[in-house]
Amino acid sequence: MSSSTTVRTTRRRTLRVAAVALVAAAGLTLTACSGSDAASGAAKASGQTDTRPAAVGEQGAEPQAGAEPQAGAGAKAEVVGKRSGGSRAGTGKGASPVRTQPLPDGSKAEVYKLGDLHYRAKIVNKGSVLATFEANQRDAGLDANDMFVVLTMGGEVHSWMGGGHQGPGTFELAGGWTAKVTKIGELRYRAQILGREGAVYGTVEANGHDVGLDANGVYIVLSSGGVISAHQ
């Protein structure tokens, strides 16, 4: 090979190496910009406030003979600090409750109407909001330190103390109902409401938050920890 051929070959190799270096540098620049944009987007997302009530689980419809109502996503419940004194009303500035009802532990429930078959209850004690939960087209429930509260989709509040059974297991409930409670995940329990001869009349599921049910005048709460209680 002549010396001129060697020089031309060396120049071609040098140009190719330089081109590869430029492409690699461009790739690093794009990656850095992309990461910066992602970080900026994450910062914007983290700065946004979601004012919607947290969807803690699903609520069951009222059991009726010959049909098995399934848990629906219409009702939402949120425990604010689980009786810790936190608050998140979301009822609108200046809104007034449609009713206020005393509860057996000395607190009170303030009920707000948000729409047709859509109500929110705030559990209040000495001016502090201890919990909020919401019934939207479905009943809702709350286990507040062994005080059980059901908010119906019609805005009625029913509450009682004690009587809880720790699932999994099968338990006799008020009103002649039987509940078969099974654990299906972390903080996730399902209760089948059984009638005569073991027929399933309804199903409720607590997935990360408590649920409630009006079973023909028998009020049932299933907590996310698998505790079930009923009152007639």
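Only a predicted model underlies this, so the values are computations on that prediction, with no experimental measurement involved.

1. Digging into the confidence of the model for the protein chain
Any region with low pLDDT has predicted coordinates that should not be read closely.
Here comes step 1: Counting all residues, the mean pLDDT for the protein chain is 73, and 59% of those residues have values of 70 or more.
Here comes step 2: Note on residues 1-90: pLDDT under 50 across the span, and 137 contacts to partners over four residues away in sequence or across chains.

2. Looking at the sheet that holds strand E10 (residues 157-161)
Here comes step 1: Across the sheet, three strands lie side by side as E8-E9-E10; this open sheet has antiparallel pairing. With one partner strand each, in any of the chains shown, strand E8 (140-144) and E10 form the two edges of the open sheet. The sheet shows a mean angle of 15° between the axes of neighbouring strands, direction not considered.
Here comes step 2: Pairing analysis gives five bridges linking strand E9 (residues 147-151) to E10, with the strands arranged antiparallel. Each residue of the ladder has a partner; that of Phe-148, found in E10, is Trp-160.

3. Remarks on the pairing of E8
Here comes step 1: Of all the five residues making up E8, five are buried; the element is thus mostly covered by neighbouring parts of the structure.
Here comes step 2: Side chains Ala-140, Leu-142 and Ala-144 of E8 all project onto a buried face; the interleaved residues Gly-141 and Asp-143 project onto the opposite face, where all are buried too.
Here comes step 3: Sheet topology places E8 next to E9; five bridges connect them, and they run antiparallel. Bridge pairing in E9 places Gly-141 opposite Val-150.
Here comes step 4: Between the antiparallel neighbours E8 and E9 lie two residues, among them Asn-145 with a positive phi of about 55°.

4. Examining the side chain of Thr-152
Here comes step 1: Examined against the element boundaries, Thr-152 turns out to sit in the loop between E9 and E10.
Here comes step 2: Among the residues examined, Thr-152 registers a relative accessible area of 7% and is labelled buried.
Here comes step 3: Those residues in contact with Thr-152 that sit more than four places away from it in its chain are Ala-135, Asp-139, His-158, Asp-214 and Tyr-219.

5. Focus on the pattern of salt bridges
Here comes step 1: Applying the stated criterion to the full structure yields five salt bridges.
Here comes step 2: Arg-120 is the salt-bridge partner of Glu-134, the closest N and O atoms lying 2.5 Å from each other. Within this pair, whereas Glu-134 is found in strand E7 (residues 128-136), its partner Arg-120 is found in strand E6 (residues 118-125), the two being separated by 14 residues in sequence.
Here comes step 3: Accessibility expressed as a relative area gives 6% for Arg-120, which makes it buried.
Here comes step 4: Among the salt bridges present, the one from Arg-188 reaches Glu-205, with a minimum N-O distance of 2.7 Å. Residue Arg-188 is located in strand E14 (residues 188-194), and its partner Glu-205 is located in strand E15 (residues 200-207); the two are separated by 17 residues in the primary sequence.

The rules behind the values
- Residues numbered from 1 in each chain as written.
- Predicted model: local features only at pLDDT ≥ 70, side-chain atom pairs only at ≥ 80, totals over all residues.
- Heavy atoms only, no water.
- pLDDT = per-residue confidence, 0-100.
- Contact = heavy atoms within 4.5 Å.
- Pairing = 2+ DSSP bridges.
- Helix = DSSP H or I, 4+ residues; strand = E, 2+ residues; numbered from the N terminus.
- Axes fitted to C-alpha atoms, helices over the stretch in contact; angles between N-to-C directions.
- Buried < 20%, exposed > 50% of the residue type's maximum accessible area, 1.4 Å probe, protein only.
- Salt bridge = Lys/Arg side-chain N within 4 Å of Asp/Glu carboxyl O.

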